[in-house]
Protein chains: 2
Amino acid sequence: MKIEKVPTDHVITTSPFPASRKVYVTGQLHPIKVAMREISLTDTKIYGRFGETEPNAPVTVYDTSGPYTDPDMEIDVRKGLQRLRESWIVERGDVEQLDTISSDYGRQRLNNTELDYLRFGHQSTPYRAKPGQNVSQLHYAKKGIITPEMEYIAIRENQRIDLLKEQLNGQYDVLGQQHEGHSFGANTPKGYITPEFVRQEVAAGRAVIPSNINHPESEPMIIGRNFLVKINANIGNSAVTSSIEEEVEKAVWACRWGADTIMDLSTGKNIHETREWIIRNTPVPIGTVPIYQALEKVNGKAEDLTWELFRDTLIEQAEQGVDYFTIHAGVLLRYIPLTAKRVTGIVSRGGSIMAKWCLAHHKENFLYTHFEEICEIMKAYDVAFSLGDGLRPGSIADANDAAQFAELETLGELTQIAWKHDVQTIIEGPGHVPMHMIKENMNKQLKHCAEAPFYTLGPLTTDIAPGYDHITSAIGAAMIGWFGTAMLCYVTPKEHLGLPNKKDVKDGVITYKIAAHAADLAKGHPGAQYRDNALSKARFEFRWEDQFNLSLDPDTAREFHDETLPADGAKVAHFCSMCGPNFCSMKITQDVRDYAKDNGLDSDEALQKGMAEKSKEFAEKGSEIYL
Amino acid sequence: MKIEKVPTDHVITTSPFPASRKVYVTGQLHPIKVAMREISLTDTKIYGRFGETEPNAPVTVYDTSGPYTDPDMEIDVRKGLQRLRESWIVERGDVEQLDTISSDYGRQRLNNTELDYLRFGHQSTPYRAKPGQNVSQLHYAKKGIITPEMEYIAIRENQRIDLLKEQLNGQYDVLGQQHEGHSFGANTPKGYITPEFVRQEVAAGRAVIPSNINHPESEPMIIGRNFLVKINANIGNSAVTSSIEEEVEKAVWACRWGADTIMDLSTGKNIHETREWIIRNTPVPIGTVPIYQALEKVNGKAEDLTWELFRDTLIEQAEQGVDYFTIHAGVLLRYIPLTAKRVTGIVSRGGSIMAKWCLAHHKENFLYTHFEEICEIMKAYDVAFSLGDGLRPGSIADANDAAQFAELETLGELTQIAWKHDVQTIIEGPGHVPMHMIKENMNKQLKHCAEAPFYTLGPLTTDIAPGYDHITSAIGAAMIGWFGTAMLCYVTPKEHLGLPNKKDVKDGVITYKIAAHAADLAKGHPGAQYRDNALSKARFEFRWEDQFNLSLDPDTAREFHDETLPADGAKVAHFCSMCGPNFCSMKITQDVRDYAKDNGLDSDEALQKGMAEKSKEFAEKGSEIYL
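Residues numbered from 1 in each chain as written. Chains lettered and ligands numbered in written order. Predicted model: local features only at pLDDT ≥ 70, side-chain atom pairs only at ≥ 80, totals over all residues. Heavy atoms only, no water.

**Description of the overall build of chain A**
The criterion, for reference: Strands are runs of DSSP state E lasting at least two residues, helices are runs of H or I lasting at least four, and both sets are numbered from the N terminus onward. Here's how the labels work: a residue is buried when its accessible area is under 20% of the maximum for its type, exposed when over 50%, partly exposed in between, all with a 1.4 Å probe on protein chains only. Working rule for contacts: check all heavy atoms of both residues, and any pair within 4.5 Å makes them a contact. Accessible areas in this description were obtained via Shrake-Rupley with a 1.4 Å probe; residue shielding takes into account the shown protein chains only.
When helices and strands are counted, chain A shows 23 helices and 17 strands. A buried classification covers 68% of the 627 residues belonging to chain A. In chain A, of all internal contacts separated by at least 6 residues, the share reaching a separation of at least 24 is 77%. Working note: accessible area of chain A is about 20400 Å², and carbon and sulfur atoms make up 52% of it.

Structure (structure tokens):
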């Protein structure tokens, strides 16, 4: 067990991405500045015409890295990130700032001077809804209010597609082309996402904006199947390893590579203080599983858990700024026997804790019986529900069984109760599911949960590859994302084996960005294909640096290229290291195009005609041969 | 450029897999011994009853590693592998051994004493069909002959499933359980694969057995959608890098991790001698793209290629023992203009070479016009066609376009001609295709190519992740394998960036074993789920060593585990490194089961009953709460 280390700036990664700059798009309805990343490209050398070039428009991409990649921002991990949303929240006039924190446990920790050395220094007292007020984005949306968060999201999701269309002009037919997708009933606007559309989706419960009023550092983002598919990265310490410093850097690192939300699953020491450091320094929403900390408070004895203790934990975490809680309220007493004959029983930690409590007391799950009281807490801080799948399958054998689907129906009932309270809700799903049984999960979720966003772990499509479960699960994640899952919970190569280190976190995040983007392409999300087109055009034109810079991981792409051909010359060569000049198909294709041009066959029609005549002879000759 | 190094035994990996032994199943019809790998498992400790255990039956898995993992086999890379099939071939009485090799180029190389230092030493003169004979497995199958190759394959594909059923007895309901698959019209026998079934599939052209009579070292394997999904690994040197020694070790290394065939795509120096070393030491079929070597012979000038030179190259390689040739005979003159407006033009090397030749001479592709002469060569050695997809899409934008599908129809016509000559044939496909457009490729291939086996590269489901294209493509490969593709051509992390090293080859192979196995599970291939069940049972029972040993890559699984908890004690602990004891859901599930037992609720019924009563109260209470 390491000694606790509190974060210092030198361990936090802050460098910008290569050839990239932070751009800020201003709002129309609200005085907001929406952060994006712009990748500048080199010019295209016109083949065979020395010195002649044509420019390539820069590419704007969705950016989850926060202020860390903006060199103009001052980063001080001890002060935390700028409180972007605080004025928006206060100006709504429905919150009050408390004199002190409300939870007993939180106060104990605050008054324990032995913890001073590892406590985040710049704590301000929490906000809470004024009595009788509901501060959830769902509540505002239902009242017809377009919040700054909603406008921020509309601008963010569009990724400057309007500017793109201007820049492209004639080029648009090449770079702007996109395949008609197959969306399975998702209805993303073809042209442009408006703030009003965001409001409507939130009001309908089809999308959620995790945005605790006590996490103003978070840049607004949305989870719903009519928006870009999102990914979550899990971090957190455990009884056996890790320090606060490492966990904060893991969070910043995961956001850098594309994590849209972070779940802090800490189960070790000083969970409260660790969480404070993470929330204050993370630009994306934070999720937790409060039952983990509650269990720590009773020294791991599930049977000693009580509603009162759990309630205090919810308030403790809500006032720190956790944006969504995983609540395993669907693990009902009568469902537990359905798991007895499984190959891998109950593999969800939260699910197994609740199952043990239910059996020990022979009572119904207190998260279920106290569900409406939980709703009262959620709406006072705008914490969203992530209704936990405590009975998810832990092996291919247990996929889609009675226990799993019984719980899913109950989550559907609880969704209606949460919505009655205007509490935002997403539904957790999969685990281990073979490819041909994935679709059924999405169909049942849409049916039972009235289109509340689905949030799935993988699913892993086979059990036989420990050490590679980021891949076994990316296959299932890409498919279920295509079918309609709104957020994909990543799996790292260490799944089933150990705790992820920084490399594992990056591998998991990049792998899931691939799955999410593959899903966006298959759904036909407007503009999703542009980055693929731009990268492929760069590849075809041997603009190596552009190919690296447009990729999800420029560092690795460049490093792999340099392993084979380190020379800088290779990065401007009109062939590549795989084949050498004679075998370069891209070079030969260029020759083909030039040949066509030189022979006045540069229009499709002429080319078609010229070729057709010649090939007709051979077709005839051919047909003789083949008689 | 490295100096050529010829292989020595010390660079070849020969160690057996952990807890594994080679087993040989004897044939009924022929005196054959079919190699498989048996993984022995530890006993299950009966939870809560100290010292009591129950045994776990060993697991037999498909084994492509050849003699290298059998400690009883003597390996001498300079002598090559045992010539397993030579007696089978000779005893059929339809081949003659030549006095010398037939190709002019081959003889030049043989007589060039400057090459002696890098020449494989133990060359014997090649076999060829006697005049008028056809030695293809397809020819035998049509005549109703069940060859030793066919029986070997039947036994190999079954993986001792019969023995399994005996061993399991009562356990079978747990470990033997398998989900009903969805096979899209594939018709694998539910029970057991017979030699006669293999013959029928080959006779129908639905499956091929790549088995050049000059590659007797190869262990028989089959490619067809009613059998296990297979994977291919590409190796080979290039103008810029690599040595013979490295390429031989890459081939052995790829087979070790699961490559069912190897393609030697060498484009550099001494291609002829490199290939000889690889074939003599590889226990799986070898494929090549002969046009690559032909182009080297004309110093990279595509326009200087001639039919005569190409023909000599086919004979040269057929007499060395290449089992299948990629032939780009579908790149027709009239299809070339269809690629002019693509984002990435023609990305297949062979396709672009032929396109350039066609344009330079303004003539039809000579591989198309001489196709029947090629068939005559193929059937004299039993070389199988892999009809190349020279116009496959190199980017998401170019997926499923007119050029790609025009070529596919032509490949269908050529398949009929090949079959007329009893030449075995597979069809090459995909490249870059978004998820929602993958199925169309399979549908069109089945329609146009009369169920000839499909062999696809990936497809990659997005272009934006160079450095991770083993993953972008594993998503597409798993899906198209499920839909009916018989063999998946791997993609390594170096795709688009550089040449794969040993680590890349392993990453590519393991990733594609995952895709192929996920496809087998989704198709419901008989017995495919057993390994998943066995591994998951081991995981649930904290049999760490068994979990490692049953995985596709035991070394990496063990290494990742030890990073977090190195102590040997951790490998027998009843919890794992991710959560520690309090949070171990598997441990808690065991408690749940024990609780049920202790309270006489160990039968589902009793448990159901006991719980139902209690939960009924709460349901009622609940319904009040929620009114």
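Moving on from the model shown.
**Notes on the packing of helix α9 (residues 271-280) of chain B against helix α11 (residues 307-320) of chain B**
Residues and elements named next belong to chain B. Note the following rule: To define axes, lines are fitted to C-alpha atoms, for helices over the stretch in contact only, and angles between the resulting N-to-C directions are given on a 0 to 180 degree scale. By definition in this entry, angles of less than 35 degrees are roughly parallel, angles greater than 145 are roughly antiparallel, angles of 65 to 115 are roughly perpendicular, and the rest are oblique. Each crossing gets its handedness from the near helix: less than a right angle anticlockwise from the far helix is left-handed, clockwise is right-handed. Gly falls in the polar group here, along with every residue not listed as nonpolar (Ala, Val, Leu, Ile, Met, Phe, Trp, Tyr, Cys, Pro) or charged (Asp, Glu, Lys, Arg).
One way to put it is that α9 packs onto α11 with a least axis distance of 10 Å and a crossing angle of 30°. Classified by the angle between their axes, α9 and α11 sit roughly parallel to one another. Seen along the crossing, α9 lies across α11 with a hand that is right-handed. Residues His272, Arg275, Glu276, Ile279 and Arg280 of α9 form the contact with α11, whose own contacting residues are Glu316, Gln317 and Gln320. Tallied by class, the residues present in the contact of α9 with α11 amount to one nonpolar, three polar and four charged.

**Details of the state of the cysteines**
Residues and elements named next belong to chain A. Here is the rule: Counting rule for disulfides: a pair of cysteine sulfur atoms within 2.5 Å.
In the structure shown here, the tally under the stated rule is zero disulfides over all chains. With no disulfide of its own, cysteine 375 has cysteine 449 as its nearest cysteine by sulfur position, at a separation of 15 Å. Cysteine 375 sits in the buried class, given a relative accessible area of 0%. Residue classification places cysteine 449 among the buried residues on the basis of a relative accessible area of 0%.

**Some points on the pattern of salt bridges**
Opposite charge on two side chains permits them to pair, given that their charged atoms come into close proximity. For the record, the criterion: In the sections that follow, a salt bridge refers to a side-chain nitrogen of Lys or Arg positioned within 4 Å of a carboxyl oxygen of Asp or Glu.
Applying the stated criterion across every chain yields a total of 78 salt bridges over all chains. A salt bridge links Arg199(A) to Glu196(A), with the shortest nitrogen-to-oxygen separation between them at 2.7 Å. Here the residue Arg199(A) and the residue Glu196(A) both occupy positions in helix α7 (residues 195-203), the gap between them amounting to three residues, near one helical turn. Taking the relative accessible area as the measure of exposure, Arg199(A) reaches 14% and is therefore buried. A salt bridge links Glu201(B) to Arg206(B); the nearest nitrogen and oxygen atoms lie 2.9 Å apart. Given a relative accessible area of 4%, Glu201(B) falls into the buried group. One network of salt bridges, in which partners are shared, links Arg83(A), Glu86(A), Glu217(A), Glu276(A) and Arg280(A).

**Points about the relation of the copies chain B and chain A**
In this arrangement, two copies of a chain are superimposed by a rotation about an axis accompanied by a shift along the axis. Selection rule: In superposing the copies, a least-squares fit is computed on C-alpha atoms, taking residues whose pLDDT is at least 70 in both.
If you rotate chain B by 180° and push it 0.0 Å along the axis, it lands on chain A with an RMSD of 0.0 Å. Taken together, the turn and the small shift mark the pair as related by a two-fold rotation axis. Closest to the rotation axis within chain B is the C-alpha of Ile475(B), separated from it by 2.3 Å. Taken as a fraction of all interface residues of chain B, those also at the interface in chain A reach 100%, which identifies the copy contact as same-surface.

**Regarding the UniProt feature "binding site: Zn(2+)" (unreviewed entry) in chain A**
Threshold: UniProt positions are given in the numbering used here, feature names are shortened, and annotations may be inferred rather than shown by experiment. For the purposes of these results, a polar contact is taken to be a pair of N or O atoms within 3.5 Å, where, inside protein, one atom must be able to donate a hydrogen and its partner to accept one; residues adjacent in sequence count only when each atom of the pair is a side-chain atom.
The UniProt feature table records "binding site: Zn(2+)" (unreviewed entry) at His432(A) and His496(A). Spanning 65 residues, the named residues form one tight spatial group whose C-alpha atoms are at most 12.3 Å apart. Inspection of the secondary structure puts His432(A) in strand β15 (residues 425-432). Residue His432(A) is classed as buried on the basis of its relative accessible area of 5%. His432(A) has contacts with Pro393(A), Gly394(A), Ser395(A), Ile396(A), Ala399(A), Leu460(A), Asp463(A), His496(A) and Arg539(B), leaving out every residue within four places of it along the chain. Along the chain, His496(A) falls in the loop between β17 (487-489) and α18 (502-523). His496(A) gets classed as buried once you look at its relative accessible area, which sits at 12%. Within polar-contact distance, the side chain of His496(A) engages the side chain of Asp469(A) at 2.8 Å.

**Let's talk about the interface of chain B and chain A**
To be explicit about the condition: Note on definitions: buried area is the accessible-area loss of two parts on being combined, 1.4 Å probe, summed for both.
Listed per partner, the contact involves 135 residues of chain B and 135 residues of chain A. Regarding the contact of chain B and chain A, the summed buried area is about 11900 Å², with carbon and sulfur atoms giving 68% of it. Counting every contact that joins chain B to chain A gives two salt bridges. Residues Lys494(B) and Glu563(A) are paired through a salt bridge, measuring 2.6 Å at the closest nitrogen-oxygen approach. Scanning the region where chain B abuts chain A turns up 20 residue pairs in polar contact (both at pLDDT 80 or more). Here the residues of the side of chain B that touches chain A sort into 65 nonpolar, 44 polar and 26 charged.

**Observations regarding the sheet that holds strand β16 (residues 454-460) of chain A**
Residues and elements named next belong to chain A. Formally: Here, strands pair whenever DSSP counts at least two bridges between them.
Around the barrel, eight strands lie side by side as β10-β11-β12-β13-β14-β15-β16-β17; this closed barrel has parallel pairing. Averaged over all pairs of adjacent strands, the angle between strand axes in this sheet comes to 25°, irrespective of strand direction. Strand direction decides the pairing type here: β16 and β17, joined by three bridges, are parallel. Residue pairing for β17: leucine 457 is matched across the bridge by cysteine 489. Contacts from α18 reach β10 (230-235), β16 and β17, with the element oriented near 160° to β10.

**Overview of the environment of Gly224(B)**
All names here are of chain B. Relative to the assigned elements, glycine 224 resides in strand β9 (residues 223-224). A C-alpha to C-alpha distance of 25 Å links glycine 224 and arginine 92, two positions 132 residues apart in sequence. Contact partners of glycine 224, with chain neighbours within four places excluded, come to Arg206, Ala207, Pro453 and Ala486.

**Notes on the environment of Arg256(A)**
Residues and elements named next belong to chain A. Summarising the element assignment, arginine 256 is placed in helix α8 (residues 244-257). Relative accessible area serves as the criterion here: at 10%, arginine 256 is assigned to the buried category. Put simply, arginine 256 and isoleucine 161 are 95 residues apart on the chain and 22 Å apart in space, counted from C-alpha to C-alpha. Residues contacting arginine 256, with those up to four places away along its chain left out, are Thr13, Thr14, Ser15, Pro16, Phe17, Ser65 and Thr69. A polar contact of 2.5 Å, which involves the side chain of arginine 256, links it to the backbone oxygen of serine 15.

**A closer look at the packing of aromatic side chains**
Residue and element names in this part refer to chain A. We count it as follows: Only Phe, Tyr and Trp rings take part, Trp by its six-membered ring, and two of them pair if their centres are within 6.5 Å. Stacked means planes under 30 degrees apart, edge-to-face means over 60, and tilted covers everything else.
Under the counting rule described, the total for this entry stands at 28 aromatic pairs over all chains. Arranged with centres 5.3 Å apart and planes meeting at 90°, the rings of phenylalanine 184 and phenylalanine 483 form a pair that is edge-to-face. Residue phenylalanine 184 is found in the loop between α6 (172-175) and α7, and its partner phenylalanine 483 is found in helix α17 (residues 469-483); the two are separated by 299 residues along the sequence. Residue classification places phenylalanine 483 among the buried residues on the basis of a relative accessible area of 8%. Between phenylalanine 371 and phenylalanine 385, the ring centres sit 4.7 Å apart and the planes meet at 20°, which makes this aromatic pair stacked.

**Brief notes about unusual backbone geometry**
With the exception of glycine, most residues fall at negative phi, and the peptide bonds are largely trans. Here the amide bond leading from Gly458(A) into Pro459(A) is cis, since omega sits at 15°, within 30 degrees of zero. Inspection of the secondary structure assignment puts Pro459(A) in strand β16. A positive phi is found at Gln159(A), a non-glycine position, where the angle reads about 50°. With respect to the helices, strands and loops of the structure, Gln159(A) is situated in the loop between α4 (148-158) and α5 (161-168). Even without being glycine, His362(B) reaches a positive phi, approximately 45°. Structurally, His362(B) is set in the loop between α12 (349-361) and α13 (366-369).

**A word on the pairing of strand β16 (residues 454-460) of chain B**
The side chains of a regular strand alternate between the sheet's two faces. Residue and element names in this part refer to chain B. Counted only if it meets this: A clockwise course of the path from the first strand over the helix to the second, judged with the strands pointing away from the viewer, identifies a crossover as right-handed.
Counting buried residues in β16 gives seven out of seven residues, a clear majority hidden from the surface. Relative to β16, strand β15 (residues 425-432) runs parallel, the two sharing five bridges. In the sheet register, proline 430 faces β16, and the bridge partner there is leucine 457. The parallel pair β15 and β16, bridged by helix α16 (residues 438-448), forms a crossover whose chirality is right-handed. Chirality of the crossover, the property in question, places the unit of β16, helix α17 (residues 469-483) and strand β17 (residues 487-489) among those that are right-handed.

**Side note on the sheet that holds strand β1 (residues 20-26) of chain B**
All names here are of chain B. The strand order across the open sheet formed by three strands is β1-β2-β5, and the pairing between neighbours is antiparallel. Bordering the open sheet on either side are β1 and β5 (59-61), each of which pairs with just one other strand. Pairs of neighbouring strands in the sheet enclose a mean axial angle of 40°, with direction left out of account. Sheet topology places β1 next to strand β2 (residues 33-39); seven bridges connect them, and they run antiparallel. Considered in β2, the bridge of threonine 26 is made with lysine 33. Sheet contacts for helix α4 (residues 148-158): β1 and β2; angle to β2, the most-contacted strand, approximately 10°.

**What to know about helix α12 (residues 349-361) of chain A**
It helps to recall that an α-helix has 3.6 residues per turn; residues three or four apart then point in one direction. All names here are of chain A. For clarity, the cut-off: Given the number of residues in a helix, its expected span is that number minus one, multiplied by 1.5 Å.
Here α12 contains 13 residues, and its C-alpha end-to-end distance of 19 Å stays within 8% of the 18 Å for a straight helix at 1.5 Å per residue. Summarising burial for α12: 10 of the 13 residues are buried, a large majority. Taken residue by residue, α12 has Arg349, Gly350, Gly351, Ser352, Ile353, Met354, Ala355, Trp357, Cys358 and Leu359 as its buried positions. With its phi angle positive at about 50°, histidine 362 sits one or two positions after the end of α12.

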